[in-house]
Amino acid sequence: MITRRSLPLLAMPLIAQAQARPVRVIVAFAPGGQSDTVMRLLQPKMAEALGQPVVVENRAGAGGAIAAAAVAGSAPDGLTLLFDSFGFVVQPLIQRGLSFDYETAFAAVAQATALPYVLVTRSNFPGRDLAGYIAEARANPGVTFGSPGVGSTGHLAGVLLAHRAGVRLEHVPYRGGADAARDVAAGNLDSVISTANTLRPLVQDSRARGIALTSATRRGSMADLPTIAESGFPGFDLTSWNGLFAPAATPAPMITRLSEAMRLAAQDPFVRERLSVGGNEAVNEPAAAFAARIVHDRQVVRQLVAETGLRLD
């Protein structure tokens with residue numbers, strides 16, 4: 001089993017030169033945002049695990065495509081990496097004329113965090129569980145649901161739920177989950193799908209009613225709620241995340257080394273605690289599991305767009 005002490009020994013002649021130089025992690029979003037905050041929390045522990053400096057650089061713009069292009073065009077030497085979010089699987093359906101292919105230009109290194117999403121309703125909404133929510137939407141087409149924006153996990157989860165249930169939900173995009181949360185608490189919005197961390201205070205104070213989690217299993221700060229999957233829609237699974245990517249041709253031993261460093265950083269007790277405060281869960285899985293997650297999410301989004309004609313731009 002790989003331990004923190006043995007991790008530097010993973011270095012081989014193939015990567016000896018790379019170890020002597022800093023690892024540059026390009027975050028796809030602006031400083032101070034969720035992804036940037038997570039990566040900067042992981043940064044010192046990742047550097048400690050690698051035994052070399054880790055430098056964080058922000059390149060915001062085009063929904064993450066600017067940062068992705070910079071990493072896609074870099075040398076596959078393990079020294080330039082991309083830190084991105086769930087939008088990584090959505091961007092190919094939005095951006096046109098990219099100089100790279102999201103599906104072939106990158107190797108998945110490690111999923112750092114998961115960010116559970118939850119469906120909540122205004123406190124006086126007629127349906128008290130998911131079955132009641134669907135029944136109300138069927139009886140009164142156009143039940144509104146807010147999300148942190150077009151193409152967000154919350155938006156896609158709402159469209160997927162409506163599609164699978166055969167009902168019409170009206171999407172109301174917001175600039176962020178907090179704005180949507182305020183409107184559902186005020187009774188101006190029927191429901192919202194956003195991060196559990198954002199919506200939990202409303203449910204705890206009875207200003208909103210928790211209905212169901214969008215993840216495959218119960219998790220996070222609202223694990224007492226059922227999942228949509230266990231409430232009549234088996235296989236339903238949409239969860240936001242943050243993860244690390246390398247250029248596609250990066251050697252496998254280097255991917256393994258970087259993946260283990262990220263895993264160790266995310267599992268550090270202090271880091272786990274701070275991630276939890278922000279609503280994130282540390283993920284303890286190998287690179288292959290993250291690659292499988294990407295494949296799953298791509299399939300879900302593409303199928304949803306194909307079957308519903310959903311526009312994400």
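Residues numbered from 1 in each chain as written. Predicted model: local features only at pLDDT ≥ 70, side-chain atom pairs only at ≥ 80, totals over all residues. Heavy atoms only, no water.

A. Looking closely at helix H2 (residues 34-50). Here H2 contains 17 residues, and its C-alpha end-to-end distance of 24 Å stays within 8% of the 24 Å for a straight helix at 1.5 Å per residue. Of all the bends in H2, the largest measures some 40° and sits at Gln43, one to four residues before the proline Pro44. For H2, the complete set of buried residues consists of Ser35, Asp36, Val38, Met39, Leu41, Leu42, Met46, Ala47, Ala49 and Leu50. Positive backbone phi, approximately 75°, marks Gly51, located one or two places after H2. (Helix = DSSP H or I, 4+ residues; strand = E, 2+ residues; numbered from the N terminus. Expected span 1.5 Å × (residues − 1). Bend = angle between axes of the 7 residues up to and from the residue. Buried < 20%, exposed > 50% of the residue type's maximum accessible area, 1.4 Å probe, protein only.)

B. Representation of unusual backbone geometry in the model. At Ala62, a position not held by glycine, the phi torsion is positive, near 55°. Residue position: Ala62 is located in the loop between strand S2 (54-58) and helix H3 (65-72). Of note, Ser206 is a non-glycine position whose phi angle comes to about 60°, a positive value. Counting through the fold element by element, Ser206 comes out in the loop between helix H8 (196-204) and strand S9 (208-213). Given the relative accessible area of 55%, Ser206 is considered exposed.

C. Focus on the layout of surface pockets. Looking at the largest pocket, its volume works out to about 600 Å³. Along the wall of the largest pocket there are 28 residues; nearest its centre are Ser85, Tyr117, Pro148, Ser152 and Ser240. Contributions of two or more residues to the lining of the largest pocket are made by H2, helix H4 (87-90), helix H7 (177-185), strand S8 (191-195), H8 and strand S10 (240-247). Residue composition of the lining of the largest pocket, by class: 10 nonpolar, 18 polar and no charged. (1 Å grid on protein atoms, 1.4 Å probe; cavity = no way out; pocket = protein on both sides within 12 Å on 5 of 7 lines; lining within 4 Å. Points joined across faces, edges and corners; volume = space filled by probe spheres on them. Nonpolar A, V, L, I, M, F, W, Y, C, P; charged D, E, K, R; others polar.)

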